[in-house]
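Residues per chain, in single letters:
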Amino acid sequence: MRTSDERTSGERTTVVDRGRFPDARTPWDDEEWRREALGWAERTIAARGWTETGPREVRVRPWSILVRLPIGEGGRDAVWLKTGAPDNAFEAGLSGALADWVPEHVMTPLAVDAERGWTLLPDGGPLFRGVLDRGEAGPGEWAAAVGRYARMQRLLLPHADRMSALGVPGARPRDLPGLLDELVEANPLFDTAERTALLRQRPRLVDWCAELDAYGVPDSLDHCDLHDGQILAPEPGRFTFFDWGDACVAHPFGSLLVPLRTVRERYGPEAAAPLVEAYLEPWESLGLPAAELRAAALLAVRLAALGRAGSWFRLFPGTPLADSHEASAYWVRDLFASEDAW
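Remember, it's a predicted structure, so these values are computed and weren't measured experimentally.

Rules and cut-offs
- Residues numbered from 1 in each chain as written.
- Predicted model: local features only at pLDDT ≥ 70, side-chain atom pairs only at ≥ 80, totals over all residues.
- Heavy atoms only, no water.
- Salt bridge = Lys/Arg side-chain N within 4 Å of Asp/Glu carboxyl O.
- Helix = DSSP H or I, 4+ residues; strand = E, 2+ residues; numbered from the N terminus.
- Buried < 20%, exposed > 50% of the residue type's maximum accessible area, 1.4 Å probe, protein only.
- Pairing = 2+ DSSP bridges.
- Axes fitted to C-alpha atoms, helices over the stretch in contact; angles between N-to-C directions.
- Parallel < 35°, antiparallel > 145°, perpendicular 65-115°, else oblique.
- Left-handed = near helix turned anticlockwise from the far one by under 90°.
- Contact = heavy atoms within 4.5 Å.
- Nonpolar A, V, L, I, M, F, W, Y, C, P; charged D, E, K, R; others polar.
- Expected span 1.5 Å × (residues − 1).
- Bend = angle between axes of the 7 residues up to and from the residue.

*Asks:* What exactly am I supposed to notice about the pattern of salt bridges here?
*Replies:* Any two side chains of opposite charge can pair, so long as their charged atoms come close to each other. Within this structure, the stated rule accounts for 21 salt bridges. Between Glu 281 and Arg 151 there is a salt bridge whose closest N-O contact spans 2.9 Å. Remark: Arg 151 occurs in helix α4 (residues 139-155) and Glu 281 occurs in the loop between α10 (272-280) and α11 (290-311); sequence separation between them is 130 residues. Given the relative accessible area of 40%, Arg 151 is considered partly exposed. As a salt-bridge pair, Asp 181 and Arg 202 come within 2.9 Å of each other at their nearest N and O atoms. Of this pair, Asp 181 sits in helix α6 (residues 176-186) while Arg 202 is found in helix α8 (residues 202-214), placing the two residues 21 residues apart along the sequence. One salt-bridge network, in which partners are shared between bridges, spans Arg 129, Asp 133, Asp 228 and Arg 266.

So this is what it looks like as structure tokens:
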């Protein structure tokens, strides 16, 4: 069930969409926070000579608040104010840094307040999802998109430690055994028997991590949720990546997890291999044989389940955790249950 409300302040109408999370506790319900955050956005808009021209649309979720502020004739254009929960507030600083490091691959913010976790973004064009739904793209474009994403990850290799310093969580292979311990012990959905069974598998995880490290592929930025709603397609053959609230510093190949499942579900298993080939092509210059790159990708995709499991707890304090416990438990179980990804 989706919930929404509408309020009018002076002459400004604001429509709030709370989705299926009416009980989420976020700063949006704090009048002082709204005044400060919206005032910051208003000043940035005014400094560029722009004027708001329609109702504001607010998307409130347990992990973020997104405000669409329409500008231009008829409100067709817009800028977007985004803030995340404390555990993903790093996204603001990371967005600004990525715009400096890889500007051709990401959205360049109009303004960033890294200390408060606020980002003001331009309209980046149509979503890849919409292009796919209209039949204007298919598995070939998906392969092109992940290939471009891999090139961005390669450019980011020298910046892995800088991303960690910005507060981006770590899910490098060396981090994963400890992350497993935390996720299993803290999740009330695991009873004693299942918790024991999962932790009994820990040596397998340690071996997988050591094997993956041995291939020698450097860590980079893992989007951790690279689906078609997190990619913009402003023109044919061009893709822009955004929404870094689930991101982590990890083995780069783990980013294949979500795209692989998406294309398999939509186009069938035969679409998986071309996607993997397109993704791995930019990594061939590392000098690894193709078979080793594929083996590393298989391992990394399996291990990426732990990054997904951990990201579900980056919520505003006080938000009910039932959905997070369920989603996290799914990914922890998947770590040891999943078969080859392609």
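*Asks:* It is not clear to me how unusual backbone geometry should be interpreted in this structure. Could you clarify?
*Replies:* Only a minority of non-glycine residues have a phi that is not negative, and only a minority of peptide bonds are not trans. Backbone geometry at Cys 224 places phi at a positive 80 degrees, although glycine is not the residue there. Residue placement: Cys 224 occurs in the loop between β9 (220-222) and β10 (231-235). Here Cys 224 falls in the buried class, since its relative accessible area comes to 5%.

*Asks:* What is the right way to look at the sheet that holds strand β12 (residues 248-250) in this model?
*Replies:* Strands in a sheet are paired, the pairing made by backbone hydrogen bonds, and the direction either parallel or antiparallel. The sheet built from three strands is open, its strands ordered β8-β12-β9 with mixed pairing. Looking at the sheet topology across the chains shown, the edges are occupied by β8 (170-171) and β9.

*Asks:* Sorry if this is basic, but what is going on with the packing of helix α9 (residues 257-267) against α10 here?
*Replies:* The relative placement of two packed helices is expressed as an angle between their axes plus a distance between the axes. Following both chains from N to C, one finds α9 and α10 inclined at 150 degrees, their axes separated by 9 Å at the closest point. Accordingly, the angle class assigned to the pair α9 and α10 is roughly antiparallel. For α9 against α10, the interelement crossing comes out right-handed. Side by side, α9 and α10 meet where Pro 259, Leu 260, Val 263 and Arg 264 of the first sit next to Ala 272, Leu 275 and Val 276 of the second. Taken together, the residues of the contact of α9 with α10 sort by class into six nonpolar, no polar and one charged.

*Asks:* Explanation requested: the pairing of strand β7 (residues 118-122) in the structure shown.
*Replies:* The two faces of a sheet get side chains in turn, since along a regular strand they alternate between them. Counting buried positions over the five residues of β7 gives four, a clear majority of the element. Where strand β5 (residues 77-84) meets β7, five bridges bridge the pair, whose relative direction is antiparallel. The partner of Val 79 across the bridge, within β7, is Pro 122.

*Asks:* What exactly am I supposed to notice about α11 here?
*Replies:* Structurally, the α-helix is built with 3.6 residues per turn, so residues lying three or four positions apart point the same way. For α11, with 22 residues, the first-to-last C-alpha span of 31 Å sits near the 32 Å given by 1.5 Å per residue. Taking the largest bend as the criterion, α11 deviates by roughly 25 degrees, centred on Arg 302. When you tally the buried positions in α11, you get 16 out of 22 residues, the bulk of the element.

*Asks:* Which parts of the structure should I look at to understand the packing of α6 against α8?
*Replies:* One can describe the packing of α6 onto α8 by two numbers: an axis separation of 9 Å at closest approach and a directional angle of 150 degrees. By the angle between their directions, the pair α6 and α8 is classed as roughly antiparallel. For the element pair α6 and α8, the recorded crossing hand is right-handed. Here Leu 176, Pro 177, Gly 178, Leu 180 and Asp 181 of α6 come into contact with α8, specifically with Arg 202, Leu 205, Val 206 and Cys 209. Class assignment for the residues of the contact of α6 with α8 results in six nonpolar, one polar and two charged.

Shape descriptors only; they carry no functional weight alone.
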